[in-house]
Amino acid sequence: MITLKQLASREEWFSSGHTLCPGCSIPVILKLVLGASRNPLVISNATGCLQMGSTLFPHTAWKSNWIHTGYGNASATMSGVTAVYRSLKKKGRLMDEKERKFLVIGGDGSTYDSGISSISGYMERGEDIVYLCYDNQSMAHSGGQASSATPVGASTTTTPAGTVLPGKLQTRKNITAIIAAHRIPYVAQSAPWNWNDLLRKAEKAFETKGPAYLNVLSPCPTHWNTDTDKSIELSRLAADTCVWPMFEIRGGTKITVNYKPRHKLPVSEWLKSQDRFRHLLEKENKWIVDKIQEEIDQNWDFLLSAQNEEETK
Amino acid sequence: MRANKVLDGNTAVSEAVRQLDPDVVMAYPSAPGAPMLERLAMDIANGSLDTELVNMESPQSAISGCIGASAAGGRVFSSASSQELAQMHEMLFIASSLRLPIVIGIADRALSAPINYYADHSDAMAERDCGWIQLFCESPQEAYDNIIQAYKISEHQDVKTPVMVAMDGWITSHTMENVSIEEPSEITDFMGKRIPTYSLLNSTKPLTIGSFSSPNYYFEHKLNQFQGMENSRKIIREVGKEFGDRFGRYYGYFETYKLDDAEYGIIIMSSAAGTAKEAIDRLRSRGEKVGLLKLRVFRPFPFQEIQERLLGLKAIAIFDRNIVPGSQGGPLYNEIRSAMYFCEDNLRPKIFPYIFGLGGRELNLSDIDNTIKEIKEKTEKVESENGFHFVNVRYRQVNNE
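Residues numbered from 1 in each chain as written. Chains lettered and ligands numbered in written order. Predicted model: local features only at pLDDT ≥ 70, side-chain atom pairs only at ≥ 80, totals over all residues.

J.: Explain the environment of K264 of chain A here, please?
T.: Mapping K264 of chain A onto the fold places it in the loop between β8 (254–257) and α11 (267–271). Each C-alpha atom, one on K264 of chain A and one on A239 of chain A, is 8.8 Å from the other, the two residues being 25 residues apart in sequence. (Helix = DSSP H or I, 4+ residues; strand = E, 2+ residues; numbered from the N terminus.)

Dropping the structure here:
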C-alpha cells in the first residue's frame, strides 16, 4: 500500500488549469486512476464534461497522448489505436519498445447509453483496454438531462419533478452487471472517498491483460446542486447507504465486496443530501423512497450472497 | 511482373489493399462491398497478409476505429455501402476535420426507404459535404487503380485528407472483367510506407487530438481543413500522371470520350459511362456529333477544368444517379451548372438535368438516344432548360405547381 505522500509525488498526467466546475469529482478520480499506470498512457475520451473541460484550444490539461472523436465511440476509436499498436509491434515498426497502456474515459451518458455497443464490442474482442466511467448520473455537460444512469426519482432537466410526475420513473441501468456478463477479466466499482480502493482497482485494471472496466461515482455539485466542498463526503455517503456498493468482479463471476458499512444508513440520508431528490421527501412520494430502499436492499443482499467464499474469509 | 486477371470490382479493391500492406482493416460488412473485406480476411487467415483485421460492431465503430488507427500512424482500410455509409456520416466529418489519411471502398447502393439492394449514388452523394475526397470508378480496373492512388493522395503531406473510392454496387463490384494487377514490389515502390507527421503512439511527444475549439479558433481550423482539400487538386493530378508514367494508365479529374468535336455532350459517372460510350458509338455512326465526359473526381469538384472542357458545346445532358427532393437537380447537375455560370453567354451550352438508374434501374442505349434527341430538339426550339427529366421511369412528369 502506498501513502498519500508517495501518491502525491507520482507523475501527473492531468494538470491543473482545466476548466471543470469547482468541486467536480473528475480530477480527483483522474489523479488516482492515471497515477496507477506505470507505463505511458494513450487515452481516448468521449465527448462530455472532461473532454470539454480539459482541452480548450490552444490549451490542454493532458500530458499523455489523448484523442477525442465523438460521443458514443471513444472505445471504438481506441480499438483502432490498439490495432495499430499490435500491428506495428508485430512488424517491429514501433518507435520504441516501451509498453503502453490504453485507457478510455467516458461519462455515464457515453458509457451506459450511446457507447454501450462499442464498449461491448471491444470487450467481446478481448482488446487490452481499460475503460473508466465517471458516473455523475446525468448528462452533465449538456445541462443535466437524464441518462440511463440517472436513479429513479431524480429530478433532471428532462425528467423534472412536477405536479404530476415525481422525477425519473425508471430504475437506473446496472451497467457493472452488464459489463461483468461479458466475462472480462476485471470489473470494479469504486468511489473517490476511498482513494486507496480506487487506486488499487485502477492498478489492478492496468495490470490485467485484456479488457478491464472501472465504474466510479462522480458527485456533481453543479447538477446535484450540492456544496462544492461536499463531493468526496457524498461519495462516502453513497457507500454507507449502499446506494453505491464498492466491489469487484473477476472473470465475470468472482465477486468481492470491498466495503461493508458498519452501520448501513437508510437511503433517505442520501436523498436529502441533494436537491435532485428533495421532492421525494414529500409525504405523497414516500412510496418512491420505499421502492428505492427496497431495490438497494435487494441489490446489496445479492452482492453479499454472491460473494466468492474464499474472499469472504 | 504484371498479371492479367479476371476479377470483379470487390476483388480488384482487395488486391490493391493487399498490395499496400495496411496496418489495420476495420471491418463491418455491408452488401455489396463486403467481399472486399472477406478476401482480406481470407488472406490473413492463410498467412499471406500481415494485417490486423478488427471485426467492429457497427459502421460508426468501424470508421471511428479508422480514425484511431490513422491517428496512431497506421495505414488503414475499411468499406461501406448505403445504410452503413450513412451510419458513418458523423464520423466522416471528424475524420476529415482531424486531417487523417484514411481510405474506404464503397460499393454504391441506394439508400432506404424503400429498402433496395442495388446501385445508385444516393449513399456517396449524401456524403459529398463531409470533407472527403471522392473518386468514382467505371470498372474493376479503375477500382484497383483508384485505391492505390487514393492512398498516395490521402497520405500526401499537403493533403492529409481521407478518400472514398466508389464503384457501382453489383454492376462493378460483382462483374468480372480483365484487370491488370501490377507487380507488388512496383506498388510498394510507388507508395512507400506511411510516414505519419504525428502519432498517438509517440510517447516522447504527447498529442492532444480533437480538442474543443471556441469561436475564436473554429473558423481557422475549418479553413485549414479546406486548404487540405484545395491542395489535393494539384496532388490528384500529379499522382494520376505519376501512376500513368509508371503503369501506363493515366488519370485526371475526368475522362472524355469523343468530346473534342462534339456538339452535344453527356456527363455521367461510374459504370453507366460504359453504356454511354456504346450509345455514343451508335449515334456517331448515324452522324450525330455526340461526346461524353465521365467524371472521376467529384470532391474536390474540378470547376475550372470542367468549364474549359464544356465551352462551346450546344447542349449537355447531365445524368445524376440520385435524387434530391426539393432541389433544382441532382448534385452533379448543380455543380456543373454552377461551374458554367462564369462562361460567356454565347459559349455556354444549354444544360439539362436527367435523373436515372435509381435503386438499380437499368440505363438502356435507347434512353441515351432519346436524351440526345430531346436536348437537340429543345436547343433548336430554344426551350427552357428548367425542370427535371427522368429516364426510364413510369411517371416522367412531377407536378411542381
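J.: It is not clear to me how the interface of chain B and chain A should be interpreted in this structure. Could you clarify?
T.: As a measure of interface size, the accessible area lost when the parts come together is often cited. Counting residues at the interface gives 40 residues for chain B, matched by 41 residues for chain A. Taken together, the elements giving at least two residues each to the side of chain B that touches chain A come down to β2 (24–27), β3 (52–55), α3 (59–71), α4 (82–97) and β9 (208–209) of chain B. Top contributing element to the side of chain B that touches chain A by residue count: α3 of chain B, with 9 residues. Of the residues contributing to the side of chain B that touches chain A, the split by class is 19 nonpolar, 16 polar and 5 charged. Across 2 bridges, the pairing between strand β2 (residues 65–67) of chain A and β9 of chain B is parallel. Looking across to β9 of chain B, one finds that I67 of chain A is bridged to I209 of chain B. (Contact = placed C-beta atoms within 7 Å. Nonpolar A, V, L, I, M, F, W, Y, C, P; charged D, E, K, R; others polar. Pairing = 2+ DSSP bridges.)

J.: Help me understand the nonpolar core in this model?
T.: Buried together is how nonpolar side chains tend to be arranged in soluble globular proteins. In this structure, L132 and L214 of chain A together with V165 and I318 of chain B are the most contacted members of the largest nonpolar core, which totals 201 residues. Tallying contributions element by element places helix α4 (residues 74–91) of chain A first for this core, with 8 residues. The residue makeup of this core includes at least three contributed by each of domain 1 (3–247) and domain 2 (256–390) of chain B. When residues no more than four places from it in sequence are discounted, the contact partners of L214 of chain A are V33, V130, Y131, L132, C133, A188, S190, K201, A202 and A205 of chain A. (Core = buried A, V, L, I, M, F, W, Y, C linked by C-beta atoms within 7 Å. Buried ≥ 20, exposed ≤ 12 C-beta atoms within 10 Å, placed from the backbone. Domains from an automatic or database assignment.)

J.: Teacher, can you tell me more about the confidence of the model for chain B here?
T.: For chain B, per-residue confidence averages 95 on the pLDDT scale, and residues scoring 70 or more make up 99% of the total. On the interface metric, ipTM, the complex scores 0.96, and its pTM is 0.97. (pLDDT = per-residue confidence, 0-100.)

J.: Whenever I open this one, the sheet that holds strand β7 (residues 163–168) of chain B confuses me. Can you help?
T.: Hydrogen bonds between backbone groups are what pair the strands of a sheet, and the pairing can be parallel or antiparallel. Residues and elements named next belong to chain B. Strand order across the open sheet formed by 7 strands is β3-β2-β4-β5-β7-β6-β13, with mixed pairing between neighbours. Taken across any chain shown, the strands that pair with only one partner, and hence form the sheet edges, are β3 and β13 (297–299). Averaged over all adjacent pairs, the angle separating strand axes in this sheet is 20°, with direction ignored. Here 4 bridges tie strand β4 (residues 76–80) to strand β5 (residues 103–108), and the two strands are oriented parallel to one another. The residue of β5 that forms the bridge with F77 is V103. Against the sheet, α3 contacts β2, β3 and β4, and its axis sits at roughly 160° relative to β4. Along the sheet, helix α6 (residues 140–155) contacts β5, β6 (133–137) and β7; its crossing angle with β7, the most-contacted strand, is approximately 170°. (Axes fitted to C-alpha atoms, helices over the stretch in contact; angles between N-to-C directions.)

J.: Help me understand the pairing of β5 of chain B in this model?
T.: Where a strand is regular, its side chains alternate between the two sheet faces. Residues and elements named next belong to chain B. Most of β5 sits inside the fold, with 6 of its 6 residues counted as buried. Burial of β5 is two-sided: the residues V103, G105 and A107 facing one way and the residues I104, I106 and D108 facing the other way are all buried. The parallel pair β4 and β5 is bridged by α4, and the resulting crossover is right-handed. Of the strand pairs in this sheet, β5 and β7 are connected by 6 bridges, and their pairing is parallel. (Right-handed = clockwise from strand over helix to strand, strands pointing away.)

J.: Would you explain the environment of Q298 of chain A in this entry?
T.: Tracing the backbone through its elements, the reader meets Q298 of chain A in helix α12 (residues 286–306). Along the chain, Q298 of chain A and M139 of chain A lie 159 residues apart, while their C-alpha atoms are 27 Å from each other.

J.: Looking at this model, I keep getting lost on the packing of α3 of chain B against α4 of chain B. Mind explaining?
T.: To describe two helices that pack against each other, one gives the angle between their axes and the distance between the axes. Residues and elements named next belong to chain B. Packing of α3 against α4 leaves a shortest axis separation of 7 Å and a crossing angle of 25°. Taken together, α3 and α4 sit at an angle that is classed as roughly parallel. Along this stretch, α3 crosses α4, giving a crossing that reads as right-handed. Between α3 and α4, the residues in contact are P59, Q60, I63, S64, C66 and I67 and E84, Q87, M88, M91, L92, I94 and A95, respectively. Grouping the constituent residues of the contact of α3 with α4 by class yields 9 nonpolar, 3 polar and 1 charged. (Parallel < 35°, antiparallel > 145°, perpendicular 65-115°, else oblique. Left-handed = near helix turned anticlockwise from the far one by under 90°.)

J.: Help me understand the sheet that holds strand β14 (residues 315–320) of chain B, please; the structure alone is not making it clear to me.
T.: Residues and elements named next belong to chain B. Taken in spatial order, the 6 strands of this open sheet run β10-β12-β11-β14-β15-β16, and their pairing is mixed. Across the chains shown, the open sheet's two edge strands, defined by having one partner strand only, are β10 (254–257) and β16 (389–390). When strand β11 (residues 264–269) meets β14, the two strands line up parallel, connected through 4 bridges. Paired with G265 across the strands is I316, a residue of β14.

J.: Any chance you could explain the packing of helix α9 (residues 272–285) of chain B against helix α12 (residues 365–380) of chain B here in plain terms?
T.: All names here are of chain B. Look at α9 against α12: their axes get within 9 Å of each other, and the N-to-C directions meet at 60°. Taken together, the axis directions place α9 and α12 in an arrangement best described as oblique. Seen from above, α9 lies across α12 with right-handed handedness. Along the contact surface, α9 presents T275, A276, E278, A279, R282 and L283, while α12 presents L365, I368, D369 and I372. Taken together, the residues of the contact of α9 with α12 sort by class into 6 nonpolar, 1 polar and 3 charged.

J.: Any chance you could explain helix α2 (residues 26–35) of chain A here in plain terms?
T.: Side chains three or four residues apart in an α-helix point the same way, a direct result of the helix having 3.6 residues per turn. Residue and element names in this part refer to chain A. Of all 10 residues in α2, 9 are buried, a share of seventy percent or more. Those residues of α2 that sit buried are I26, V28, I29, L30, K31, L32, V33, L34 and G35. Considering only its buried residues, α2 is in contact with α1 (4–8), β1 (41–45), α3 (49–54), β4 (130–135), α8 (195–207) and β6 (212–217).

J.: Can you help me understand the domain arrangement of chain B in this one?
T.: Residue and element names in this part refer to chain B. Partitioning chain B into structural domains gives domain 1 (3–247) and domain 2 (256–390). Once you take the C-alpha centre of each, domain 1 and domain 2 turn out to be 29 Å apart. Residue-level contacts link 25 residues of domain 1 with 19 residues of domain 2. Mapped onto the side of domain 1 that touches domain 2, the elements with two or more residues apiece are α5 (122–125), β6, β7 and α8 (218–247). For the side of domain 1 that touches domain 2, the class distribution of residues is 13 nonpolar, 6 polar and 6 charged.

J.: Help me out: how do you make sense of unusual backbone geometry in this one?
T.: Across residues other than glycine, the phi torsion is negative in most instances, and most of the peptide bonds are trans. The peptide bond linking A113 of chain B to P114 of chain B adopts the cis configuration, its omega dihedral lying at -5°. Looking at the element boundaries, P114 of chain B is found in the loop between β5 and α5. Of note, the bond from R299 of chain B into P300 of chain B is cis; its omega dihedral lies within 30 degrees of zero at -5°. Structurally, P300 of chain B can be placed in the loop between β13 and α10 (303–310). At R183 of chain A, a residue that is not glycine, the phi angle is positive and equals roughly 55°. Mapping R183 of chain A onto the fold places it in the loop between α7 (175–180) and β5 (186–190).

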